[in-house]
Amino acid sequence: MNKYFIIFLLFIFWTCSKKPELKVDKTKKIDYTVNRISLVILGTAQDAGSPQIACKKECCANLFDNPNNNRQVVSLGLIDTENNKTYLFEATPDIGKQMKMITKYKSKSNKESVDGIFLTHAHIGHYSGLMYLGKEAMDAKEIPLYVMPRMKNFLSTNGPWDQLVSRKNIQLQVMENEQVVNLSQSITVTPILVPHRDEYSETVGYRINGPNKSALFIPDIDKWDKWDKNIIDEIKKVDYAFLDAAFYSGKEINNRDVSEIPHPFVIESFETFKNISEIEKSKIVFIHFNHTNPLLNSKSVETQIVIDKGYKIGTIGDIFNL
């Protein structure tokens, strides 16, 4: 009897001491069947990605050894099925994966490059992917790059970006605030200035209009009440609103002065949008999550709160018909 009891204890000790296998959702199966002009989410993380460099917090602890392929820096793709073209919004550090993903939607073409890229501003996660268009990598051929005037000047007068211009890897297309860019008879894109930390360039969001629906894309803004426009009115004008949700609340950043990196906290957006209708709330898709943001975890309490309140949380591969 004692022998069996000892064996039982040894078995319990072995099973309890064995480290549990970490299960990470590394991939999301993407359906590349798109029959209508559409937007697709290609990334939702803040500029530095997730896990973030030098991060020792619990939110990053397992991701260095077990990367989650669904965590890429914030970007939208535009699929023009009528003209068999694709466009990127932002040139992120993950541009290689994102360009491959968006061009897969072009069923009638084997072209590996997009037909244009729209930039919002000169913070690392939004333009640094341009380096992969240069001679050390893709050596692209005159990809149209849609930029605002200060962004044009920044790229044209600073290395290594000016080399992209001189070698004609990119073809700068200068936009003006709230002036419509016509991509086709069915698609227009309009830049809209927003307040942000504009050290090297202005910052814009975009209104994207398709044949039937429209979208607002604002991955970065300081605070909603600092904008000269009313965000609620802007949401009412569109069918989808992809909005900055870098931090759920200030408490998740305990090693930085949050005043130096202003963004609308999600809990502040709750307050801003508390009186809008359920229909308007359902248009809002939160994006641009800092690596500390619990909304990156689909099983977090905060994620459930957002869903219960009637909002959406962007994930890679989500498609929105225009």
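Criteria and cut-off values
Residues numbered from 1 in each chain as written. Predicted model: local features only at pLDDT ≥ 70, side-chain atom pairs only at ≥ 80, totals over all residues. Heavy atoms only, no water. Buried < 20%, exposed > 50% of the residue type's maximum accessible area, 1.4 Å probe, protein only. Helix = DSSP H or I, 4+ residues; strand = E, 2+ residues; numbered from the N terminus. Pairing = 2+ DSSP bridges. Right-handed = clockwise from strand over helix to strand, strands pointing away. Lys, Arg positive; Asp, Glu negative; His and termini not counted. Salt bridge = Lys/Arg side-chain N within 4 Å of Asp/Glu carboxyl O. pLDDT = per-residue confidence, 0-100. Contact = heavy atoms within 4.5 Å.

Draft legend 1. Just the pairing of strand E11 (residues 240-244), in detail. Within E11, 5 of the 5 residues are buried, which leaves the element mostly enclosed by the surrounding structure. Pairing between strand E10 (residues 214-218) and E11: 4 bridges, direction parallel. Residue Phe217 lies in a different strand from E11, and its bridge partner there is Phe242. A crossover connection joins E10 to the parallel E11 through helix H6 (residues 231-236); in handedness this β-α-β unit is right-handed. Pairing analysis gives 4 bridges linking E11 to strand E12 (residues 284-287), with the strands arranged parallel. Of the residues in E12, the one forming a bridge with Phe242 is Val285.

Draft legend 2. Looking closely at the sheet that holds E10. Strands sit in the order E7-E8-E9-E10-E11-E12-E13 across an open sheet of 7 strands; the sheet is mixed. Each edge of the open sheet carries a strand with a single partner, namely strand E7 (181-182) and strand E13 (312-313).

Draft legend 3. Highlighting the side chain of Asp220. Along the polypeptide, Asp220 turns up in the loop between E10 and H6. For the buried Asp220, no salt bridge is present, and the opposite-charge side chain at shortest range is Arg197, 5.4 Å distant.

Draft legend 4. Expanded view of the confidence of the model for the protein. When pLDDT is averaged along the protein, the result is 86; 83% of the residues meet or exceed 70. The low-confidence segment residues 4-26, where pLDDT is below 50, has 12 contacts with residues more than four positions distant or belonging to other chains.

Draft legend 5. Quick look at the sheet that holds strand E6 (residues 170-174). Taken in spatial order, the 7 strands of this open sheet run E6-E5-E4-E3-E2-E1-E14, and their pairing is mixed. Edge strands, defined here as strands with exactly one partner in the open sheet, are E6 and strand E14 (319-321).

Draft legend 6. Spatial organisation of the pattern of salt bridges. Using the criterion set out here, one finds 11 salt bridges in the structure. In this structure, Asp139 and Arg167 form a salt bridge, with 2.8 Å as the shortest nitrogen-oxygen distance. Taken together, the residues span a long stretch of sequence, with Asp139 in the loop between helix H3 (124-127) and strand E5 (143-147) and Arg167 in the loop between helix H5 (161-166) and E6 at a distance of 28 residues. Under the relative-accessibility criterion, Arg167 is labelled partly exposed at 37%. Here Lys229 ties to Glu178 by a salt bridge, and the two come within 3.1 Å at their closest N and O atoms. With Lys229 in the loop between E10 and H6 and Glu178 in the loop between E6 and E7, the pair connects residues that are 51 residues apart, well separated along the chain. For Lys229, a relative accessible area of 22% gives the class partly exposed. Connected through shared salt-bridge partners, Asp139, Lys141 and Arg167 make up one network.

Draft legend 7. Summary view of unusual backbone geometry. Along the chain, Gly159 connects to Pro160 via a cis peptide bond; the corresponding omega equals 0°. Among the structural elements, Pro160 can be located in the loop between helix H4 (149-157) and H5. If you check the backbone angles, Asn84 has positive phi at about 55° while not being a glycine. In this fold, Asn84 is placed in the loop between strand E2 (75-80) and strand E3 (85-89). Notably, Lys168 is not glycine yet its phi reads approximately 60°, a positive angle.

Draft legend 8. Quick look at the environment of Gly210. Along the chain, Gly210 falls in the loop between strand E9 (204-209) and E10. On the basis of relative accessibility, which here comes to 17%, the residue Gly210 falls in the buried class. Each C-alpha atom, one on Gly210 and one on Ile37, is 6.9 Å from the other, the two residues being 173 residues apart in sequence. What Gly210 contacts, discounting residues up to four positions off in sequence, is Ser186 and Leu322.

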